[in-house]
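What follows is each chain in one-letter form.
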Amino acid sequence: MATAVAEPASRPDTRGPTAPLPLSLFAAGAAAIAIVILGTLGIQAYQVVNGGPVTPACEAEGIEARLLGAEGVCHIIEGIRSRAQTVVWLLGIVLGAGAAAGGWGLYKRMPSKRQREQCIAGAVLGVQAIALSALLLWFRSGEIAPFIRNFFNAEVLAGTIDGFLRGMLNTVKLAFAGEVGGIMIGLLLAVLAISQRRTVRAPALVYINFFRGTPLIWQLFFIYAIILFGFGIQIETFTAAVLVFSLNTGAYAAEVFRAGIQSIERGQVEAARSLGMTYTQAMRYAIVPQAVRRVIPPLMNEFVILIKDTALVIVLGLTAENYELYTFSREVYSEFSNGSAFVATAFGYLAITLPLIRIVNAVEHRLRSGLTGVVGAGG
Amino acid sequence: MNPDGSLVKLENVHKWFGPNHVLRGIDLTIQAGNVVVIVGPSGSGKSTLLRTINLLEEPTEGRVLFDGEEITDIRTDVNKVRREIGIVFQSFNLFPHKSAKENVKLALEKVLRLSDGEAEERAMEQLSHVGLAQKGDAYPGQLSGGQQQRVAIARALAMKPKLMLFDEVTSALDPELVKEVLDTMKKLADEGMTMVVVTHEMGFAREVGTRLIFTDGGKIVEDGNPSEVFQNPKDERFKSFLSHVL
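Note that the coordinates shown come from a computational prediction; the quantities given were computed from them, not determined experimentally.

*Asks:* What exactly am I supposed to notice about the environment of Gly339 of chain A here?
*Replies:* Residue and element names in this part refer to chain A. Within the secondary structure layout, Gly339 lies in the loop between helix H14 (325-336) and helix H15 (340-368). For the pair Gly339 and Ser329, spaced 10 residues apart in the sequence, the C-alpha separation amounts to 7.3 Å. Excluding anything up to four places from it in sequence, Gly339 contacts Asn150, Phe151 and Tyr333.

Right under this line is the structure:
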């Protein structure tokens with residue numbers, strides 16, 4: 001039985017004193033990475049506030065003043081090409097190189113743990129600053145004008161907020177409906193898949209292997225075609241997508257449930273059965289309530305994956321009111337011949353997935369700390 | 001009850017686990033009121049033997065009779081038989097998501113179909129019997145090993161079984177917690193419960209047991225009154241076993 005070990009109120013700090021040299025190496029590394037990131041962002045912010053009309057240089061590269069959003073695009077390009085930007089990146093490289101060389105060369109000779117860690121941290125931050133600056137310099141040496149024009153046009157995005165929000169909502173709707181359907185299918189499949197009898201088990205395993213072994217995009221396309229032409233049922237693409245997502249998620253959820261049930265100690269079933277419970281009663285009152293807690297994190301992970309996979313419905317073609325995030329950006333692209341919505345879409349997905357990922361981590365942490373046997377026990 | 005007064009009867013019981021022949025022809029008759037203690041080296045089949053009595057292990061060959069009924073017959077409702085045979089495990093096997101009281105009540109409600117009130121009453125009665133009336137709302141994770149094992153005993157006793165099986169119930173306990181569990185078992189024996197006990201506690205075997213069985217290599221090689229058997233062991237393997245554990 002897991003018993004929680006009480007955390008001491010505060011652990012004594014035994015890392016020892018610091019000294020000016022390691023501290024300044026750390027400061028140099030931190031400054032290098034901060035200059036690269038904050039400097040670059042700062043220059044762009046300055047451009048947003050103080051940038052003028054479209055410059056001749058931009059005009060020459062096809063950013064004509066009459067185009068929608070040309071001014072904003074030109075600001076970004078001019079910012080990237082500015083001398084200040086060159087100084088920022090070169091400064092990042094020089095400072096970073098100093099911190100990296102000093103930290104790397106000296107960390108073994110440091111007398112205390114704190115000083116050693118400061119040297120190492122300074123060196124690592126320095127290397128990161130060099131890498132980031134070099135990458136950005138390399139990027140700038142290419143054809144940045146068409147790239148920025150195609151993906152960072154704020155005015156193209158400005159008019160599409162409603163569509164963007166509707167896209168987020170529809171993405172969540174699609175994924176949530178698919179997940180709920182998938183959990184129901186998965187529970188049924190798991191019960192069949194853990195059967196001792198091969199005749200019961202076989203069809204479930206065939207199903208699970210098929211849906212885990214073929215691409216989701218193929219399933220969307222093919223199952224929609226089967227329903228439409230094979231069964232002759234006029235089905236909305238949104239409904240078909242929910243159905244296929246459910247079928248697909250069902251296969252993965254079944255494996256999650258099966259693993260969860262099989263992770264419960266054998267003694268639990270034995271205890272229940274030896275009290276005279278039937279197999280079904282043992283599952284229902286002893287095993288499943290314990291397994292459910294263990295499968296919450298992996299099921300939520302499946303949900304996060306499904307949220308991203310909703311992008312694949314683009315192959316079915318949704319009606320306008322059902323556009324999810326990816327279809328939305330694709331439509332904006334068609335309308336404006338501009339891909340800025342693709343960039344916005346990434347943030348849309350992150351806005352949904354990052355909180356979920358945080359929740360998964362928190363739940364996992366709670367499960368691992370062994371508190372769930374005590375807290376929130378019901379049923 | 002059986003015409004010959006026996007509660008449990010094993011006839012030529014064999015058990016194979018894959019290629020391992022664990023039980024090699026066990027014949028054993030247990031009378032009601034007996035406290036049968038089974039000892040033996042690890043791997044000698046003593047736990048398997050115990051677990052065939054309530055069919056947690058199904059014999060590969062042979063018959064098991066309980067209360068005159070052949071329970072190895074495929075037509076026997078094994079769930080009904082198991083209500084009458086309590087078992088306590090080495091690793092407690094309490095349901096961790098349920099409190100001590102809920103652990104005891106679960107089968108009373110779901111198997112015996114008692115009302116909530118009746119189940120509650122019987123659960124509290126059994127918990128007081130093992131000295132844990134005040135721990136009814138505690139979860140297994142909040143109890144010591146000895147307390148958990150006493151809850152497990154209460155859970156089994158609440159079904160009012162005719163027979164209690166104990167499978168190395170003190171082996172997973174810290175030394176200072178062994179006594180409280182053994183005392184509970186002794187009390188149960190004094191009340192006349194029929195018990196089959198697999199254990200390494202030779203003191204318990206001598207003091208509480210009415211019959212001692214020594215298994216080795218899947219067979220019963222020594223069987224008799226504990227004090228006599230300890231005093232005058234016949235089988236060579238039993239002698240050497242005793243010299244190691246005493």
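*Asks:* Any chance you could explain the interface of chain A and chain B here in plain terms?
*Replies:* For interface size, the figure often reported is the accessible area lost on association. If you look at the interface, chain A gives 25 residues, while chain B gives 28 residues. Summed over both sides, the interface of chain A with chain B buries roughly 2300 Å², with 59% coming from carbon and sulfur. Viewed at the interface, chain B and chain A are joined by 1 salt bridge. When the shortest N-O distance is used, the salt bridge between Arg51 of chain B and Glu270 of chain A registers 2.6 Å. At 8 residues, the largest contribution of residues to the side of chain A that touches chain B is made by helix H12 (residues 266-274) of chain A. Class assignment for the residues of the side of chain A that touches chain B results in 10 nonpolar, 11 polar and 4 charged.

*Asks:* Please clarify how the layout of surface pockets should be interpreted in this entry.
*Replies:* Over the atoms, a rolled probe matching the size of one water molecule traces out where space is still vacant. Approximately 1200 Å³ is the volume attributed to the largest pocket. Among the elements of the structure, helix H11 (237-262), H12 and helix H13 (279-309) of chain A together with strand S4 (61-66) and helix H2 (78-83) of chain B are those that each provide at least two residues to the lining of the largest pocket. In terms of residue count, H12 of chain A provides more of the lining of the largest pocket than any other element does, 4 residues in total. Here the residues of the lining of the largest pocket sort into 15 nonpolar, 7 polar and 10 charged.

*Asks:* Could you clarify how one ought to interpret the sheet that holds strand S5 (residues 69-70) of chain B in this entry?
*Replies:* Two orientations exist for strands paired in a sheet by backbone hydrogen bonds: parallel and antiparallel. Residues and elements named next belong to chain B. If you trace the 4 strands from one edge of the open sheet to the other, you get S2-S1-S4-S5, paired in antiparallel fashion. Single-partner strands in this sheet number two, and they are strand S2 (20-31) and S5. In this structure, S4 lies alongside S5, joined through 2 bridges in antiparallel fashion. Across the sheet, Phe66 pairs through a bridge with Glu69, a residue of S5. Along the sheet, helix H1 (residues 46-53) makes contact with strand S1 (6-17), S2 and S4, crossing S1 at roughly 125 degrees.

*Asks:* Where do I start with empty space enclosed by the protein in this structure?
*Replies:* Residues and elements named next belong to chain A. Enumeration according to the criterion identifies 1 cavity of 30 Å³ or more in this entry. What the largest cavity holds in volume is close to 30 Å³. Forming the boundary of the largest cavity are Leu187, Phe257, Ile261, Val288, Ala291, Val292 and Val295. Elements represented by at least two residues in the lining of the largest cavity include exactly H11 and H13.

*Asks:* I tried to follow the pairing of strand S9 (residues 211-216) of chain B on my own but got confused; where do I start?
*Replies:* Residue and element names in this part refer to chain B. For S9, the tally of buried residues reaches 6 of 6 residues, placing the bulk of the element in the interior. Side chains of S9 alternate between two faces, with Arg211, Ile213 and Thr215 and Leu212, Phe214 and Asp216 buried alike. Of the strand pairs in this sheet, strand S3 (residues 35-39) and S9 are connected by 4 bridges, and their pairing is parallel. Directly across from Ile38, in S9, lies its bridge partner Ile213. Count of turn residues in the S9/strand S10 (residues 219-224) antiparallel hairpin: 2 residues, of which Gly217 carries a positive phi of about 60 degrees.

*Asks:* So what exactly am I meant to see when it comes to the confidence of the model for chain B here?
*Replies:* Parts of the model with low pLDDT should not have their predicted coordinates read in detail. Here chain B averages 94 in pLDDT, and 98% of its residues register 70 or above. Listed scores for the predicted complex are pTM 0.82 and ipTM 0.94.

*Asks:* Where do I start with the side chain of Lys105 of chain B in this structure?
*Replies:* All names here are of chain B. As for its placement among the helices and strands, Lys105 is situated in helix H3 (residues 100-110). Classification of Lys105 as buried rests on a relative accessible area of 11%. Within the structure, the side chain of Lys105 is placed 2.9 Å from the side chain of Glu120, a separation counted as a polar contact. In this structure Lys105 touches Asp116, Ala119, Glu120 and Ala123, once residues within four positions along its chain are discounted.

*Asks:* Whenever I open this one, the nonpolar core confuses me. Can you help?
*Replies:* It is characteristic of soluble globular proteins that their nonpolar side chains tend to be buried jointly. Residues and elements named next belong to chain B. In this structure, Leu10, Leu163, Met164, Phe166, Met185 and Met195 are the most contacted members of the largest nonpolar core, which totals 83 residues. Here this core takes 7 residues from helix H6 (residues 175-190), the largest share from any one element. Apart from residues no more than four positions distant in its own chain, Met164 is found in contact with Gly86, Val88, Ile153, Ala156, Leu157, Leu188, Met193, Thr194, Met195 and Val196.

*Asks:* Please explain the packing of H3 of chain B against helix H5 (residues 145-157) of chain B as it appears in this structure.
*Replies:* A pair of packed helices is characterised by two quantities: the angle between their axes and the separation of those axes. Residue and element names in this part refer to chain B. Axis separation between H3 and H5 bottoms out at 8 Å; the angle between their running directions is 25 degrees. Considering their axes alone, H3 and H5 lie roughly parallel with respect to each other. Where H3 crosses over H5, the handedness of that crossing is right-handed. Facing H3, whose interface residues are Ala100, Asn103 and Val104, H5 presents Val151, Ala154 and Arg155. In the contact of H3 with H5, the residues fall into 4 nonpolar, 1 polar and 1 charged.

Quick notes on the rules
Numbering of residues starts from 1 in every chain and runs along the sequence as written. As a convention, the first chain written is A and the first ligand written is 1, with the rest following in written order. In keeping with the model being predicted, local features are shown solely for residues with a pLDDT of at least 70 and side-chain atom pairs are shown and tallied solely at 80 or more, while totals for entire chains, interfaces and linings include all residues. Computation of side-chain values covers all heavy atoms of the structure but excludes hydrogens and water. A run of H or I in DSSP becomes a helix once it reaches four residues, and a run of E becomes a strand once it reaches two; helices and strands are each numbered from the N terminus. By definition in these notes, contact holds between two residues if any of their heavy atoms fall within 4.5 Å. The quantity reported as buried area is the accessible area (1.4 Å probe) lost by two parts once they are put together, taken as the sum for both. Any Lys or Arg side-chain nitrogen found within 4 Å of a carboxyl oxygen on Asp or Glu counts as a salt bridge. Three residue categories are used. Nonpolar comprises Ala, Val, Leu, Ile, Met, Phe, Trp, Tyr, Cys and Pro, charged comprises Asp, Glu, Lys and Arg, and polar comprises the others, including Gly. Space inside and on the surface of the protein is sampled on a 1 Å grid over the protein atoms alone, with a cavity defined as a set of points where a 1.4 Å probe fits but cannot get out and a pocket as an open set with protein on both sides within 12 Å along at least 5 of 7 lines; lining residues have an atom within 4 Å of a point. Grid points are joined across faces, edges and corners, and a volume is the space filled by probe spheres set on the points. Any two strands are treated as partners once DSSP identifies two or more bridges connecting them. Lines are fitted to the C-alpha atoms to define the axes, a helix being fitted only along its stretch in contact, and any angle between axes, read from their N-to-C directions, falls within 0 to 180 degrees. Accessible area is worked out with a 1.4 Å probe on protein chains only. A residue is then buried under 20% of its type maximum, exposed over 50%, and partly exposed in between. Confidence scores here are pLDDT values: one per residue, from the predictor, ranging 0 to 100. For this analysis, a polar contact is any N or O atom pair within 3.5 Å, provided that within protein one partner can donate a hydrogen and the other can accept it, and provided that sequence-adjacent residues contribute only side-chain to side-chain pairs. The definition of a nonpolar core used throughout is a set of buried Ala, Val, Leu, Ile, Met, Phe, Trp, Tyr and Cys residues joined through side-chain atoms within 4.5 Å. Oblique is the label for every angle not falling under 35 degrees (roughly parallel), over 145 degrees (roughly antiparallel), or within 65 to 115 degrees (roughly perpendicular). For any helix crossing, the convention is left-handed if the near helix is rotated counterclockwise from the far helix by under a right angle, and right-handed if that rotation is clockwise.

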